[in-house]
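Each chain is listed here by its residues.
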Amino acid sequence: MRNSLEPKPQRSAALLVVVLLILLAGLLQWVYFTHAATAPGAGLTALAQAELPRSGVTNPVTAVLLNYRALDTLLELSVLLTAMLGIWSLGPATPGYQQAGAVFAGLAAWVVPLLILSGGYLLWIGAKAPGGAFQAGALLAAAGVIQRLGGDPRASLPNESAQRWLAIAGIGIFALVGLATLVAGRGFLDYPLAWAGWLILLIETFATLTIATLLTAAYVGGQPPPSQTTATPGMHRMQAPDRKA
Amino acid sequence: MTDSLVLALVVPLAGALLVTALPAHAARIGLFSVMLNTLNIALLTLGVWQHDELQLALGDWAPPLGIGFVADGLSAAMLAMTALVSLAISVYAGDYFRDPARARHFWPLWLLLLTSLNGLFLAADLFNLYVNLELLGLSAAALGALGGQRTALEANLRYLLVGLLGSMTYLLGVALIYSGFSTLDFAQLAAQLARGDAAASGLLGATALGLMVMGLALKAALFPLHFWLPPAHGSAPAPVSAALSALVVKAAFYLILRLWLEVFAPLTTQGAANLLGLLGAGAVLWGSWQALRAERLKLLAAYSTVAQLGYLFLFFPILQGLPAGETRSNLFAAVTLMALAHGFAKSGLFLAAGFVQQQAGHDRIAELGTTLQQLPATTLTLALAGTALIGLPPSGSFVAKWLLLGGAMANGQWWWVLVLLAGTLLAVAYVFRLMTRAFGLEPTPRHFFTQARAEGPALLLAAMATGVLGVATAPLWHLLGTSGGLG
Amino acid sequence: MDAELLYASAGFILFVLGIWSLLLHRLLIRKLIALNIMGSGVFHLLIATAEHHGEPADPVPHALVLTGIVVAVSATALALSFGRALRGDGDD
């Protein structure tokens, strides 16, 4: 990238910044170490563990992300959506790359299904071990990136309209579950215990699709051009790359 | 009643999702969501009016494990201002973005911005606020670049990067707080700080507060960290400029106010508050001076935002010196009133400026005479907004400045009064420099409104700042639980 | 010295190095890497905070880091897109 926003800073200004930053680093180290030595915070480990049976999952990190602090995750997905909408507003996508040669295409045909499979596994295992929607979505998006590198300008994403629905699905289901619990007389995103595990899996499944779509769309880097061909909707339709180029 | 707290987030978010999925109907669904949001915020404000404070633990997980939402008088006032200003901006935007290609980019980002603003005014959790801040920063920068010119892209990329630097600094403060206090909740944190168990905790808390305030001051464009604001606000499309100047910087200011006066109150000192006041004074003088020199109307408005934000920071040293009681709560109400009045006035001014720019094809102040004389309603809007920016009666900012004056004198900090006077005189000069263009010897136009949908919202906003807020302050005083101290 | 203190200490250094690079380099890509390094610094601190001797790790900071990563990815993607739009072409 050749973009530079401002003229090169002067040497004296640079020196001042360095001195100030060294002072800041020293202050932070000193404050943190003094505090850690005398009165470290107890953390929320015990509390998170104690409430785990009421959360619907057995992986405490997933319990925090999808239950205790579910609102953070809902907003985080909205941030990702904002980034994609912003990217789309900045112009159309670039055409992408020429069709890959045999070696890359062969590798992609092998790696992409593996990524999808691993993504599904991570999604499922997230309830009890490290894993979950973001990790799964990131793997699916990696599959999309490989497809684009291999010459598919849309990185296996469906047409624009379907992309828009996929982009909001995870956030929409999340909000709908919240509204459903609200209407049922509980609070927003206050899951009934018997359903909590399944509701979290439902949210995470759609969140995975949305995260994969949003990350891939961000990589494509612009609004998809109007398509002539009728594209197949659905993130999972990762067709094997065309071996002839 | 507490449902309205959650709906304040869900209504604009659901609107954003729908307009994303159905771009062909963006303007209609978008406007409808904003109306629904206004209705919901009215209910919320009513709830705060009756109960003083509404609280909610999301997902029924009490803090520190869960996230708390709290709406008190200050939150309700900011939310109500945001709802009204965003409604006016939305009506105006329906007219402004007639090109459907631009409308479909505007509406989802605009509703996401509104979601984050509502979240910021409600969340009582430091980390949830961080996510809201990022949502705000990203959607604001993307909206600001919708104009598409190179200058707009450059200005808003800089705005995005500055915002990210600010939120990262804020986040480091949040991480320090969690490491020391094991909670992110406002009330629990305030209780722990008030107990003041160990000196080391106080030091950690003060460092964290410093980082958070620095990060937020960057986002609130506090002098001398304001350098990014004029180009970004001056180059954005008019409805976006209005939102950026009236609402977005105000959200960062609101957070500083909340952290400084409530959560971290036991750790703040007069010296630190004086520093904030000093920077505010710099902003008042520098921003007003630059507004006076600005060649373009939108740049004038943007520099005036820098100055008006400065006034808000003048309140800190005076509030710091006052003991809890009548005078202090009146002054707190005054700073809220100042923020509200500026929100209404500046959004009105930017919307009017956008309409002038559309009609004249440019916004160079020296050449606007003929255009202004053909637009009586817009000229009235500029005059009313200008009245509020100067702080003449009967504007809300007049009442606020009057209370600030009283507070400064009661406190023996008379030097702030000099800043107030100098800023007011400069504001008179830059407002009159604009208004003199409107009075020439042209024949009187036959219609008051040239385009009601474009000029009406701006006029209502400016009238709100100058007419309503200055005269009918009693509801605001009630909401904030104070007597007002004017009569 | 405890590993967690070392981790936090590295976090502060990363944060400050990030600011340095953000302020003093002109290229957008370097600024964005700098911002991500600042983020990594904060995440280091959070991970260090999660450690308590003899107990399982505190899940809350871990979840905060995950959320923070997604936000950082989003911001970086949007900023890169700005850079590409400013460059006016896009054959990278």
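Being a predicted model, the structure only gives us computed values, none of them experimental. (Residues numbered from 1 in each chain as written. Chains lettered and ligands numbered in written order. Predicted model: local features only at pLDDT ≥ 70, side-chain atom pairs only at ≥ 80, totals over all residues. Heavy atoms only, no water.)

(A) Representation of the packing of aromatic side chains within the structure. All names here are of chain B. In the structure shown here, the tally under the stated rule is 17 aromatic pairs over all chains. A centroid spacing of 4.7 Å and a plane angle of 15° characterise the contact between Tyr159 and Trp228, whose relative ring orientation is stacked. Note that Tyr159 is positioned in helix 6 (residues 150-181) and Trp228 in the loop between helix 8 (199-219) and helix 9 (229-235), a separation of 69 residues in sequence. Grouping residues by exposure puts Tyr159 and Trp228 together as buried. Cluster of aromatic residues (ring-pair linked, three or more members): Tyr92, Tyr96, Phe97, Phe106, Trp107 and Trp110. (Phe/Tyr/Trp six-rings, centres within 6.5 Å; stacked < 30°, edge-to-face > 60°. Helix = DSSP H or I, 4+ residues; strand = E, 2+ residues; numbered from the N terminus. Buried < 20%, exposed > 50% of the residue type's maximum accessible area, 1.4 Å probe, protein only.)

(B) Main features of the domain arrangement of chain B. Residue and element names in this part refer to chain B. Domain boundaries assigned for chain B yield domain 1 (1-123), domain 2 (125-268) and domain 3 (269-487). Relative to domain 2, the C-alpha centre of domain 1 lies at a distance of 20 Å. Taking both sides of the interface into account, the surface hidden between domain 1 and domain 2 amounts to around 2700 Å²; carbon and sulfur atoms contribute 76%. Interface area lost by domain 1 to domain 2 is led by Leu113, Leu120 and Ala123, which between them contribute 22%. Between the two partners, domain 1 and domain 2, sit one salt bridge. Run the count over domain 1 and domain 2 and you get five residue pairs in polar contact (both at pLDDT 80 or more). Of all the secondary structure elements, the ones that give two or more residues to the side of domain 1 that touches domain 2 are strand 2 (68-71), helix 3 (73-96) and helix 4 (100-122). Here the side of domain 1 that touches domain 2 gets 13 residues from one element, more than from any other, and that element is helix 4. Taken together, the residues of the side of domain 1 that touches domain 2 break down into 22 nonpolar, eight polar and two charged. (Domains from an automatic or database assignment. Buried area = accessible area lost by both parts, 1.4 Å probe. Salt bridge = Lys/Arg side-chain N within 4 Å of Asp/Glu carboxyl O. Polar contact = N/O pair within 3.5 Å; in protein donor to acceptor, adjacent residues only side chain to side chain. Nonpolar A, V, L, I, M, F, W, Y, C, P; charged D, E, K, R; others polar.)

(C) View of the pattern of salt bridges. Inspection of every chain in the model, using the stated rule, returns 11 salt bridges over all chains. As a salt-bridge pair, Arg69(A) and Asp72(A) come within 2.8 Å of each other at their nearest N and O atoms. When sorted by exposure, Arg69(A) lands in the same class as Asp72(A), which is buried. In this structure, Asp72(B) engages Arg258(B) in a salt bridge whose closest nitrogen and oxygen atoms are separated by 2.7 Å. Linking Asp72(B) in the loop between strand 2 and helix 3 with Arg258(B) in helix 10 (residues 238-263), this pair joins segments that are 186 residues apart in sequence. Accessibility expressed as a relative area gives 5% for Arg258(B), which makes it buried.

(D) Region of interest: the nonpolar core. Grouped together as the largest cluster of nonpolar side chains are 293 residues, with contacts concentrated most on Tyr191(A), Phe69(B), Leu126(B), Tyr170(B) and Leu259(B). When residues no more than four places from it in sequence are discounted, the contact partners of Leu259(B) are Leu126(B), Tyr170(B), Phe186(B), Leu209(B), Met212(B), Leu216(B), Phe264(B) and Ala265(B). Grouped together as the second largest cluster of nonpolar side chains are five residues, Ala108(A), Val112(A), Leu115(A) and Ala143(A) included. (Core = buried A, V, L, I, M, F, W, Y, C linked by side-chain atoms within 4.5 Å. Contact = heavy atoms within 4.5 Å.)

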